[in-house]
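This is what each chain is made of:
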Amino acid sequence: MALHVKTGDMVKIIAGVHKGATGKVLHVYPKKGKVVVQGRNVVKKHVRPSTKNPQGGRIDIEQPMDISNVLPINPKSSRETRVRYKIEKDGSKKRVAADGTEIGTIRRAK
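This one's a predicted model, so the numbers in the text were calculated from it and none came from an experiment. Along each chain, residue indices are assigned from 1 in the same order as the chain's sequence is written. Since the coordinates come from a predicted model, pLDDT governs what is reported: local features require at least 70, and pairs of side-chain atoms require 80 or more to be given and counted, while whole-chain, interface and lining totals use all residues. Only hydrogens and water are set aside when side-chain values are computed; all heavy atoms of the structure are taken into account.

Peer 1: If you had to explain the overall build of the protein chain to someone new, which residues and values would you point to?
Peer 2: Only DSSP runs of H or I covering at least 4 residues are called helices, and only runs of E covering at least 2 are called strands; the numbering of each starts at the N terminus. Secondary structure assignment for the protein chain yields zero helices and ten strands. When the elements of the protein chain are put in sequence order from the N terminus, they spell out β-β-β-β-β-β-β-β-β-β. Within these notes, the globule rule equals 2.2 Å times the number of residues to the 0.38 power, and the radius of gyration is based on C-alpha atoms. Here the C-alpha radius of gyration of the protein chain, 17 Å, is well above what a compact globule of 110 residues would show, namely 13 Å. Considered along the principal axes of its C-alpha atoms, the protein chain spans approximately 60 × 35 × 25 Å. Working definition: with a 1.4 Å probe on protein chains only, accessible area under 20% of the residue-type maximum means buried, over 50% means exposed, and in between means partly exposed. Out of the 110 residues belonging to the protein chain, those deemed buried represent 27%. The contact criterion used is simple: two residues touch if any of their non-hydrogen atoms lie within 4.5 Å. For the protein chain, restricting intrachain contacts to residue pairs at least 6 apart in sequence, the fraction spanning at least 24 positions comes to 36%.

Have a look at this one:
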């Protein structure tokens, strides 16, 4: 199943505590239906001292949120948009915004 967001996309959060906020997608978990958005859904985690973090303490981590709570931002209009898919005659598959603007290529022509 093709997902409407990819890693690196700018998205707007449309539901939940961070509704209305925007951010960049850091990770996509397709099997779980989750995405991690930079700077959003942040929680504190208590960590023991280690070589990576010698003092220990509390660190901030972005937690995954449901993929249905985000919409990609159209680069042309800077507004959130739904995504459609278009298969070209040469076999390439492209993501297209609802107004027809190309967002990105999913699969290149062979």
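Once the structure has been displayed, the description carries forward.
Peer 1: Tell me what's going on with the pattern of salt bridges, and back it up with residues and numbers.
Peer 2: Should the charged atoms of two oppositely charged side chains come close, the side chains can pair. The working definition used for a salt bridge is a side-chain nitrogen of Lys or Arg within 4 Å of a carboxyl oxygen of Asp or Glu. Tallying each qualifying case throughout the model produces four salt bridges. A salt bridge links Lys 12 to Glu 80; its shortest N-O distance comes to 3.6 Å. Taken together, the positions of Lys 12 in strand β1 (residues 10-13) and Glu 80 in the loop between β7 (70-72) and β8 (83-87) put the pair 68 residues apart, joining distant regions of the chain. Given a relative accessible area of 25%, Lys 12 falls into the partly exposed group.

Peer 1: Describe the packing of aromatic side chains, listing the residues and the values that go with them.
Peer 2: Centres within 6.5 Å are what make two rings of Phe, Tyr or Trp a pair, Trp counting through its six-membered ring; a difference in plane orientation under 30 degrees is then read as stacked, over 60 as edge-to-face, and the rest as tilted. This model, assessed by the stated rule, comprises zero aromatic pairs. We call a charge positioned above a ring when the Lys NZ or Arg CZ atom is no farther than 6 Å from the ring centre and deviates by at most 35 degrees from the ring normal. The positively charged end of Lys 32 is found above the aromatic ring belonging to Tyr 29, 5.9 Å away from the centroid. The positively charged end of Lys 93 is found above the aromatic ring belonging to Tyr 85, 5.1 Å away from the centroid.

Peer 1: Account for the sheet that holds strand β2 (residues 22-29), naming residues and giving values.
Peer 2: Here, a strand pair is defined by DSSP locating no fewer than two bridges between the strands. Strand order in this open sheet of five strands is β6-β3-β2-β1-β7, and the pairing throughout is antiparallel. The two strands at the open ends of the sheet, each matched to only one other strand, are β6 (65-66) and β7. The pairing of β2 with strand β3 (residues 34-37) spans four bridges and is classified as antiparallel. The partner of Val 28 across the bridge, within β3, is Val 35.

Peer 1: Any details on the nonpolar core? Residues and values, ideally.
Peer 2: In terms of nonpolar packing, the biggest core is built from ten residues, these being Leu 3, Val 5, Val 11, Ile 13, Val 25, Val 35, Val 37, Met 65, Ile 67 and Val 70. For this core, the elements supplying multiple residues, two or more each, are β1 and β3. Among residues more than four places away in sequence, those in contact with Ile 67 are Leu 3, His 4, Val 5, Gly 33, Lys 34 and Val 35. Throughout, nonpolar core names a set of buried Ala, Val, Leu, Ile, Met, Phe, Trp, Tyr and Cys residues whose side chains join them through atoms within 4.5 Å.

Peer 1: Provide a residue-level description of the pairing of β1, including the pertinent values.
Peer 2: Regular strands have side chains that alternate between both faces of the sheet. Residues Val 11 and Ile 13 point to one face of β1 and are all buried, whereas Met 10 and Lys 12, pointing to the other face, are not buried. Here β1 runs beside β2; their pairing, made up of three bridges, is antiparallel. Each bridged residue has a counterpart across the sheet, and for Met 10 the counterpart in β2 is Lys 24. Note that β1 and β7 share three bridges and pair antiparallel. Within β7, the residue paired with Val 11 across the bridge is Pro 72.

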